Amino acid sequence: MNFQDYAIATIGSHTALQILKGAKQEGFKTICVCQRGRERVYESYKVADEIILFDDLKAEYDEIEKQLIEKNAIMIPHGTFVSVLGHEKVSETKAMYYGSKDILEWESDRTMERKWLKDAGLKLPKIFENHKDIDRPVIIKFHGAHGGKGYFIANTPAEFEERIKDYEGDDDYVIQEYIVGVPLYAHYFYSPVNDELEIMSFDKRYESNADSIGRIAAKDQIEVGIQTSYTITGNIPLVVRESLLPYFFELGDGVVDASRKITPKGLFGSFCLEGIVDTNLNYYVFEISARIVAGTNPFINGSPYTDLRYDEPMSTGRRIARDIKEGIEQNKLDLIID
Ligand code: AMP
(Lines give C-alpha, C1' and ligand atoms only; values in the text may rest on other atoms or scores of the structure.)
Protein backbone atom coordinates (compact mmCIF):
# COMPACT_ATOMS: atom_id res chain seq x y z
CA MET A 1 0.00 0.00 0.00
CA ASN A 2 1.24 3.51 -0.55
CA PHE A 3 0.76 6.27 1.97
CA GLN A 4 -2.21 7.84 0.19
CA ASP A 5 -4.20 4.73 1.14
CA TYR A 6 -3.99 5.76 4.81
CA ALA A 7 -5.80 8.52 6.66
CA ILE A 8 -4.59 10.35 9.76
CA ALA A 9 -7.15 10.89 12.52
CA THR A 10 -7.19 12.66 15.84
CA ILE A 11 -9.65 14.03 18.39
CA GLY A 12 -10.67 17.65 17.80
CA SER A 13 -8.94 19.34 20.72
CA HIS A 14 -5.46 19.94 22.24
CA THR A 15 -3.03 19.76 19.25
CA ALA A 16 -5.47 18.59 16.59
CA LEU A 17 -5.01 21.67 14.39
CA GLN A 18 -1.29 21.09 13.88
CA ILE A 19 -1.65 17.29 13.65
CA LEU A 20 -4.27 17.58 10.89
CA LYS A 21 -2.56 20.46 9.11
CA GLY A 22 0.76 18.58 9.25
CA ALA A 23 -0.85 15.42 7.88
CA LYS A 24 -2.32 17.38 4.97
CA GLN A 25 1.05 18.99 4.28
CA GLU A 26 2.50 15.49 3.96
CA GLY A 27 -0.32 14.48 1.60
CA PHE A 28 -2.53 12.35 3.90
CA LYS A 29 -6.31 12.36 4.09
CA THR A 30 -7.38 13.72 7.49
CA ILE A 31 -10.22 12.87 9.86
CA CYS A 32 -11.19 14.96 12.86
CA VAL A 33 -13.19 13.09 15.52
CA CYS A 34 -14.94 16.01 17.12
CA GLN A 35 -17.35 16.77 19.92
CA ARG A 36 -20.59 18.17 18.55
CA GLY A 37 -20.44 21.96 18.90
CA ARG A 38 -16.68 22.25 18.44
CA GLU A 39 -16.52 21.48 14.73
CA ARG A 40 -16.46 25.14 13.73
CA VAL A 41 -12.75 25.36 14.60
CA TYR A 42 -11.77 22.48 12.33
CA GLU A 43 -14.01 23.69 9.52
CA SER A 44 -12.76 27.25 9.78
CA TYR A 45 -9.09 26.29 9.58
CA LYS A 46 -9.81 23.78 6.79
CA VAL A 47 -7.60 21.07 8.28
CA ALA A 48 -10.05 18.15 8.18
CA ASP A 49 -11.14 16.30 5.05
CA GLU A 50 -13.78 14.61 7.15
CA ILE A 51 -15.34 15.28 10.54
CA ILE A 52 -16.88 12.50 12.65
CA LEU A 53 -19.07 13.99 15.39
CA PHE A 54 -19.70 12.57 18.85
CA ASP A 55 -21.52 13.62 22.00
CA ASP A 56 -19.75 11.29 24.44
CA LEU A 57 -16.39 10.04 23.23
CA LYS A 58 -15.96 7.24 25.72
CA ALA A 59 -19.46 5.84 25.17
CA GLU A 60 -19.27 6.10 21.39
CA TYR A 61 -15.63 5.19 20.84
CA ASP A 62 -16.15 1.56 19.81
CA GLU A 63 -18.56 2.66 17.09
CA ILE A 64 -16.24 5.46 15.93
CA GLU A 65 -13.35 3.06 15.89
CA LYS A 66 -15.14 0.79 13.42
CA GLN A 67 -15.31 3.72 11.01
CA LEU A 68 -11.63 4.51 11.57
CA ILE A 69 -10.66 0.92 10.81
CA GLU A 70 -12.77 0.95 7.62
CA LYS A 71 -11.05 4.14 6.51
CA ASN A 72 -7.59 2.72 7.25
CA ALA A 73 -6.98 5.58 9.64
CA ILE A 74 -4.04 5.94 12.02
CA MET A 75 -5.05 7.58 15.31
CA ILE A 76 -2.64 10.16 16.72
CA PRO A 77 -3.14 10.31 20.50
CA HIS A 78 -2.80 13.55 22.44
CA GLY A 79 -3.57 14.69 25.98
CA THR A 80 -7.33 14.92 25.50
CA PHE A 81 -7.57 11.48 23.89
CA VAL A 82 -5.74 9.82 26.77
CA SER A 83 -7.45 11.78 29.55
CA VAL A 84 -10.98 11.22 28.18
CA LEU A 85 -10.61 7.53 27.36
CA GLY A 86 -8.22 6.65 30.19
CA HIS A 87 -5.09 4.59 29.62
CA GLU A 88 -6.86 1.25 30.10
CA LYS A 89 -9.40 1.95 27.36
CA VAL A 90 -6.65 3.33 25.14
CA SER A 91 -4.67 0.11 25.57
CA GLU A 92 -7.68 -1.85 24.27
CA THR A 93 -8.28 0.27 21.15
CA LYS A 94 -8.05 -1.61 17.89
CA ALA A 95 -7.53 1.05 15.23
CA MET A 96 -3.93 1.74 14.23
CA TYR A 97 -2.38 3.86 16.98
CA TYR A 98 0.75 6.00 16.57
CA GLY A 99 2.84 5.49 19.70
CA SER A 100 3.58 2.89 22.31
CA LYS A 101 0.59 1.94 24.46
CA ASP A 102 2.79 0.24 27.10
CA ILE A 103 4.44 3.55 27.89
CA LEU A 104 1.08 5.03 28.94
CA GLU A 105 1.00 2.89 32.04
CA TRP A 106 4.46 4.06 33.07
CA GLU A 107 3.57 7.64 32.40
CA SER A 108 0.28 7.54 34.33
CA ASP A 109 1.69 5.85 37.45
CA ARG A 110 3.77 8.29 39.52
CA THR A 111 6.02 5.61 41.02
CA MET A 112 6.73 3.95 37.68
CA GLU A 113 7.29 7.31 36.01
CA ARG A 114 9.82 8.28 38.68
CA LYS A 115 11.70 5.02 38.32
CA TRP A 116 11.90 5.50 34.55
CA LEU A 117 13.16 9.09 34.84
CA LYS A 118 15.69 8.16 37.52
CA ASP A 119 17.01 5.30 35.37
CA ALA A 120 17.36 7.84 32.57
CA GLY A 121 19.77 9.79 34.80
CA LEU A 122 17.53 12.84 35.28
CA LYS A 123 17.47 15.04 38.36
CA LEU A 124 14.05 14.93 40.02
CA PRO A 125 12.58 17.11 42.77
CA LYS A 126 12.58 15.24 46.09
CA ILE A 127 9.26 13.65 47.10
CA PHE A 128 8.18 13.75 50.74
CA GLU A 129 6.20 10.62 51.64
CA ASN A 130 5.44 12.01 55.10
CA HIS A 131 4.59 15.67 55.60
CA LYS A 132 6.38 15.62 58.96
CA ASP A 133 9.66 15.44 57.01
CA ILE A 134 9.11 18.76 55.20
CA ASP A 135 12.35 20.72 55.72
CA ARG A 136 12.30 23.08 52.71
CA PRO A 137 9.73 24.76 50.43
CA VAL A 138 7.41 22.15 48.92
CA ILE A 139 4.59 22.24 46.40
CA ILE A 140 1.52 20.12 47.08
CA LYS A 141 0.12 18.90 43.78
CA PHE A 142 -3.28 17.32 43.47
CA HIS A 143 -3.86 14.71 40.84
CA GLY A 144 -6.92 14.49 38.60
CA ALA A 145 -9.79 16.94 38.87
CA HIS A 146 -7.91 19.81 40.49
CA GLY A 147 -5.30 20.05 37.69
CA GLY A 148 -2.97 22.95 38.36
CA LYS A 149 -5.72 24.62 40.38
CA GLY A 150 -5.47 24.54 44.13
CA TYR A 151 -1.81 23.53 44.35
CA PHE A 152 -0.25 25.13 47.39
CA ILE A 153 3.18 25.85 48.79
CA ALA A 154 4.31 25.04 52.33
CA ASN A 155 7.60 25.51 54.15
CA THR A 156 7.06 23.50 57.33
CA PRO A 157 4.98 20.53 58.57
CA ALA A 158 2.79 22.96 60.55
CA GLU A 159 2.07 25.10 57.50
CA PHE A 160 1.17 21.99 55.56
CA GLU A 161 -1.24 20.81 58.28
CA GLU A 162 -2.97 24.18 58.27
CA ARG A 163 -3.39 24.44 54.49
CA ILE A 164 -4.41 20.82 53.88
CA LYS A 165 -7.52 21.35 56.02
CA ASP A 166 -9.12 23.05 52.98
CA TYR A 167 -8.87 19.79 51.06
CA GLU A 168 -10.53 17.37 53.41
CA GLY A 169 -11.26 14.00 51.82
CA ASP A 170 -8.88 14.58 48.93
CA ASP A 171 -5.75 12.58 49.61
CA ASP A 172 -4.63 12.12 46.03
CA TYR A 173 -1.69 14.51 46.09
CA VAL A 174 2.08 14.52 46.09
CA ILE A 175 4.38 16.63 48.27
CA GLN A 176 7.24 17.69 46.04
CA GLU A 177 10.29 19.82 46.72
CA TYR A 178 9.62 23.30 45.29
CA ILE A 179 12.43 24.13 42.88
CA VAL A 180 13.18 27.82 42.66
CA GLY A 181 14.01 28.65 39.07
CA VAL A 182 12.28 29.01 35.72
CA PRO A 183 9.85 26.50 34.23
CA LEU A 184 10.97 25.04 30.92
CA TYR A 185 9.31 22.43 28.74
CA ALA A 186 11.52 20.64 26.21
CA HIS A 187 9.84 19.11 23.17
CA TYR A 188 11.56 16.13 21.58
CA PHE A 189 10.97 13.82 18.68
CA TYR A 190 12.54 10.41 18.42
CA SER A 191 12.00 8.36 15.29
CA PRO A 192 12.82 4.64 15.32
CA VAL A 193 12.48 4.80 11.52
CA ASN A 194 15.70 6.81 11.19
CA ASP A 195 16.93 6.19 14.77
CA GLU A 196 17.47 9.84 15.55
CA LEU A 197 16.53 12.16 18.38
CA GLU A 198 15.56 15.74 17.50
CA ILE A 199 14.87 18.75 19.71
CA MET A 200 11.80 20.35 18.15
CA SER A 201 11.17 23.35 20.40
CA PHE A 202 10.79 24.71 23.95
CA ASP A 203 7.99 26.56 25.68
CA LYS A 204 6.91 27.86 29.00
CA ARG A 205 3.33 27.91 30.13
CA TYR A 206 1.10 30.85 30.76
CA GLU A 207 -0.63 29.93 33.99
CA SER A 208 -3.41 31.70 35.82
CA ASN A 209 -2.88 33.20 38.31
CA ALA A 210 0.78 32.27 38.96
CA ASP A 211 1.96 34.32 35.97
CA SER A 212 0.28 37.53 37.05
CA ILE A 213 0.66 37.62 40.81
CA GLY A 214 3.86 39.66 40.38
CA ARG A 215 1.81 42.46 38.83
CA ILE A 216 0.50 43.54 42.20
CA ALA A 217 2.49 44.49 45.26
CA ALA A 218 3.27 41.82 47.88
CA LYS A 219 1.26 43.81 50.43
CA ASP A 220 -1.84 43.65 48.21
CA GLN A 221 -1.32 39.96 47.54
CA ILE A 222 -1.45 39.28 51.26
CA GLU A 223 -4.39 41.59 51.93
CA VAL A 224 -6.53 40.15 49.16
CA GLY A 225 -5.58 36.65 50.32
CA ILE A 226 -4.58 35.36 46.88
CA GLN A 227 -3.96 31.61 46.56
CA THR A 228 -1.54 30.65 43.83
CA SER A 229 -2.95 28.44 41.10
CA TYR A 230 -1.44 27.05 37.91
CA THR A 231 -4.39 26.83 35.56
CA ILE A 232 -2.93 26.54 32.11
CA THR A 233 -4.29 29.06 29.62
CA GLY A 234 -1.67 29.09 26.87
CA ASN A 235 1.95 28.47 25.88
CA ILE A 236 4.81 30.87 25.26
CA PRO A 237 7.66 29.95 22.87
CA LEU A 238 11.24 29.94 24.15
CA VAL A 239 14.76 29.44 22.92
CA VAL A 240 17.37 28.27 25.42
CA ARG A 241 20.98 29.37 25.80
CA GLU A 242 22.82 27.53 23.05
CA SER A 243 25.29 26.14 25.61
CA LEU A 244 22.40 24.24 27.21
CA LEU A 245 21.60 22.29 24.05
CA PRO A 246 24.16 19.48 24.53
CA TYR A 247 22.68 18.88 27.99
CA PHE A 248 19.13 18.72 26.61
CA PHE A 249 20.17 16.27 23.89
CA GLU A 250 21.77 14.03 26.54
CA LEU A 251 18.63 14.12 28.68
CA GLY A 252 16.47 13.12 25.70
CA ASP A 253 18.82 10.23 24.79
CA GLY A 254 18.70 9.04 28.40
CA VAL A 255 14.91 8.95 28.44
CA VAL A 256 14.68 7.04 25.14
CA ASP A 257 17.37 4.52 26.17
CA ALA A 258 15.73 3.91 29.57
CA SER A 259 12.32 3.45 27.91
CA ARG A 260 13.65 0.47 25.94
CA LYS A 261 14.30 -1.31 29.22
CA ILE A 262 10.68 -0.93 30.29
CA THR A 263 8.89 -1.87 27.08
CA PRO A 264 10.22 -3.60 23.96
CA LYS A 265 9.37 -0.81 21.51
CA GLY A 266 10.30 1.94 23.93
CA LEU A 267 9.30 5.57 23.66
CA PHE A 268 9.07 7.16 20.24
CA GLY A 269 7.43 10.03 18.41
CA SER A 270 6.87 13.27 20.23
CA PHE A 271 7.56 13.61 23.95
CA CYS A 272 8.18 16.38 26.43
CA LEU A 273 10.22 16.87 29.58
CA GLU A 274 8.64 19.29 32.01
CA GLY A 275 10.80 20.88 34.64
CA ILE A 276 12.51 23.83 36.27
CA VAL A 277 16.00 25.20 35.61
CA ASP A 278 17.65 26.49 38.77
CA THR A 279 20.33 29.16 39.08
CA ASN A 280 23.10 26.56 38.67
CA LEU A 281 21.51 25.50 35.37
CA ASN A 282 20.40 22.16 36.76
CA TYR A 283 17.20 20.93 35.17
CA TYR A 284 14.81 19.26 37.63
CA VAL A 285 12.17 17.27 35.78
CA PHE A 286 8.81 16.89 37.48
CA GLU A 287 6.99 15.18 34.65
CA ILE A 288 7.28 13.51 31.28
CA SER A 289 4.55 13.53 28.64
CA ALA A 290 5.01 10.59 26.31
CA ARG A 291 3.19 12.19 23.40
CA ILE A 292 2.64 15.50 21.61
CA VAL A 293 2.11 18.35 24.09
CA ALA A 294 0.18 21.60 23.67
CA GLY A 295 3.44 23.51 24.17
CA THR A 296 4.28 22.69 20.54
CA ASN A 297 1.25 24.67 19.33
CA PRO A 298 3.09 27.98 18.89
CA PHE A 299 5.24 26.23 16.27
CA ILE A 300 2.74 25.30 13.58
CA ASN A 301 4.99 27.06 11.12
CA GLY A 302 8.10 25.47 12.64
CA SER A 303 10.38 26.59 15.47
CA PRO A 304 13.84 28.16 15.35
CA TYR A 305 15.19 24.63 15.90
CA THR A 306 13.19 22.90 13.18
CA ASP A 307 14.05 25.79 10.90
CA LEU A 308 17.72 24.89 11.31
CA ARG A 309 17.15 21.29 10.35
CA TYR A 310 14.40 21.47 7.74
CA ASP A 311 14.09 23.80 4.79
CA GLU A 312 10.34 23.87 5.17
CA PRO A 313 7.91 24.59 8.01
CA MET A 314 7.99 21.53 10.30
CA SER A 315 5.52 21.44 13.16
CA THR A 316 5.53 18.48 15.53
CA GLY A 317 2.23 17.45 13.93
CA ARG A 318 3.85 17.41 10.52
CA ARG A 319 6.90 15.57 11.88
CA ILE A 320 4.57 12.80 13.09
CA ALA A 321 2.97 12.55 9.65
CA ARG A 322 6.41 12.45 8.04
CA ASP A 323 7.45 9.64 10.37
CA ILE A 324 4.38 7.66 9.35
CA LYS A 325 4.99 8.36 5.68
CA GLU A 326 8.63 7.22 5.92
CA GLY A 327 7.52 4.20 7.94
CA ILE A 328 5.11 3.21 5.16
CA GLU A 329 7.61 3.85 2.36
CA GLN A 330 10.42 1.96 4.10
CA ASN A 331 8.17 -0.89 5.21
CA LYS A 332 8.81 -0.07 8.87
CA LEU A 333 5.30 0.87 9.94
CA ASP A 334 5.32 -1.86 12.59
CA LEU A 335 8.04 0.07 14.45
CA ILE A 336 5.71 3.00 15.12
CA ILE A 337 2.17 1.61 15.14
CA ASP A 338 0.70 -0.18 18.14
P1 AMP B 1 2.09 20.43 36.80
O2 AMP B 1 0.62 20.35 37.08
O3 AMP B 1 2.90 19.33 37.42
O4 AMP B 1 2.36 20.56 35.31
O5 AMP B 1 2.62 21.78 37.46
C6 AMP B 1 2.01 23.03 37.22
C7 AMP B 1 2.99 24.16 37.45
O8 AMP B 1 3.45 24.16 38.81
C9 AMP B 1 4.26 24.10 36.62
O10 AMP B 1 4.11 24.66 35.34
C11 AMP B 1 5.25 24.87 37.45
O12 AMP B 1 5.08 26.26 37.22
C13 AMP B 1 4.82 24.55 38.85
N14 AMP B 1 5.58 23.44 39.46
C15 AMP B 1 5.23 22.12 39.44
N16 AMP B 1 6.13 21.38 40.11
C17 AMP B 1 7.05 22.23 40.60
C18 AMP B 1 8.23 22.07 41.40
N19 AMP B 1 8.62 20.88 41.84
N20 AMP B 1 8.93 23.18 41.71
C21 AMP B 1 8.55 24.42 41.26
N22 AMP B 1 7.44 24.62 40.53
C23 AMP B 1 6.70 23.56 40.18
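Draft legend 1. Here's a closer look at the nonpolar core. Membership of the largest hydrophobic core comes to 54 residues, with the highest contact counts inside it found for Phe248 and Ile324. In terms of residue count, helix H10 (residues 245-262) provides more of this core than any other element does, six residues in total. Each of domain 1 (3-97) and domain 2 (108-124 + 181-206 + 235-329) accounts for three or more of the residues forming this core. Dropping the residues within four chain positions of it, Ile324 is found in contact with Ile8, Phe28, Ile74, Ile76, Tyr98, Leu333 and Ile336. In this structure, Leu68, Ala73, Met75 and Leu85 belong to the second largest nonpolar core, which totals 20 residues.

Draft legend 2. Spotlight on the site of the ligand. In the neighbourhood of the ligand, 15 residues make up the surrounding shell, with Lys141, Tyr151, Ile179, Tyr185 and Glu207 lying closest. Here a nitrogen atom of the ligand and a side-chain polar atom of Lys141 are 2.9 Å apart. Contacts to the ligand include Glu207, whose side-chain N or O atom sits 2.6 Å from an oxygen atom. Protein chains shield 93% of the accessible area of the ligand, which is 480 Å² for the free molecule.

Draft legend 3. Expanded view of the environment of Leu197. Within the fold, Leu197 resides in strand E10 (residues 196-209). Accessibility expressed as a relative area gives 11% for Leu197, which makes it buried. Sequence separation of Leu197 and Leu85 is 112 residues, and the distance between their C-alpha atoms is 29 Å. With sequence-adjacent residues up to four places away left out, Leu197 is seen in contact with Tyr188, Phe189, Tyr190, Phe249, Gly252, Asp253, Val256 and Phe271.

Draft legend 4. Just the sheet that holds strand E1 (residues 7-11), in detail. Strand order in the open sheet formed by five strands is E3-E2-E1-E4-E5, and the pairing between neighbours is parallel. The sheet is open, and its two borders are formed by strand E3 (50-54) and strand E5 (96-97), each paired with just one other strand. As judged from the two bridges shared by strand E4 (residues 73-75) and E5, these two strands associate in the parallel manner. Each bridged residue has a counterpart across the sheet, and for Ile74 the counterpart in E5 is Met96. In this fold helix H3 (residues 57-70) packs onto E1, strand E2 (29-35), E3 and E4, with an angle of close to 150° to the strand it touches most, E3.

Draft legend 5. Layout of the domain arrangement of the protein. According to the domain assignment, the protein contains domain 1 (3-97), domain 2 (108-124 + 181-206 + 235-329) and domain 3 (127-177). Computed over C-alpha atoms, the centres of domain 1 and domain 2 are 23 Å apart. Of the residues lining the interface, 19 residues belong to domain 1; the matching set on domain 2 comes to 19 residues. Around 1,700 Å² of area is buried between domain 1 and domain 2 when both sides are counted, 64% of it from carbon and sulfur atoms. Arg318 is the partner of Glu26 in a salt bridge, and the nearest nitrogen-oxygen pair spans 2.7 Å. Only helix H1 (16-25) and helix H4 (79-85) provide two or more residues apiece to the side of domain 1 that touches domain 2.

Draft legend 6. Region of interest: the packing of aromatic side chains. Applying the stated criterion to the full structure yields 17 aromatic pairs. Considering the side-chain rings of Tyr98 and Phe268, the 5.9 Å spacing of their centres and the 85° angle between planes classify their relative orientation as edge-to-face. Of this pair, Tyr98 sits in the loop between E5 and helix H6 (101-108) while Phe268 sits in the loop between H10 and strand E12 (269-277), placing them 170 residues apart in sequence. No difference in accessibility class separates Tyr98 from Phe268, as the two residues are buried. Between Tyr188 and Phe271, the ring centres sit 4.9 Å apart and the planes meet at 10°, which makes this aromatic pair stacked. Taken together, the residues span a long stretch of sequence, with Tyr188 in strand E9 (residues 182-191) and Phe271 in strand E12 at a distance of 83 residues. Since its relative accessible area comes to 1%, Phe271 is described here as buried. Of the aromatic side chains, those joined through ring pairs into one cluster are Phe142, Phe152, Phe160, Tyr167 and Tyr173. Just above the ring of Tyr97 sits the side chain of Lys101; from NZ or CZ to the centre is 5.3 Å.

Rules used throughout
- Residues numbered from 1 in each chain as written.
- Predicted model: local features only at pLDDT ≥ 70, side-chain atom pairs only at ≥ 80, totals over all residues.
- Heavy atoms only, no water.
- Core = buried A, V, L, I, M, F, W, Y, C linked by side-chain atoms within 4.5 Å.
- Buried < 20%, exposed > 50% of the residue type's maximum accessible area, 1.4 Å probe, protein only.
- Helix = DSSP H or I, 4+ residues; strand = E, 2+ residues; numbered from the N terminus.
- Domains from an automatic or database assignment.
- Contact = heavy atoms within 4.5 Å.
- Near = heavy atom within 4 Å.
- Polar contact = N/O pair within 3.5 Å; in protein donor to acceptor, adjacent residues only side chain to side chain.
- Areas by Shrake-Rupley, 256 points an atom, 1.4 Å probe, with all protein chains shown as cover.
- Pairing = 2+ DSSP bridges.
- Axes fitted to C-alpha atoms, helices over the stretch in contact; angles between N-to-C directions.
- Buried area = accessible area lost by both parts, 1.4 Å probe.
- Salt bridge = Lys/Arg side-chain N within 4 Å of Asp/Glu carboxyl O.
- Phe/Tyr/Trp six-rings, centres within 6.5 Å; stacked < 30°, edge-to-face > 60°.
- Lys NZ or Arg CZ within 6 Å of the ring centre and 35° of its normal.

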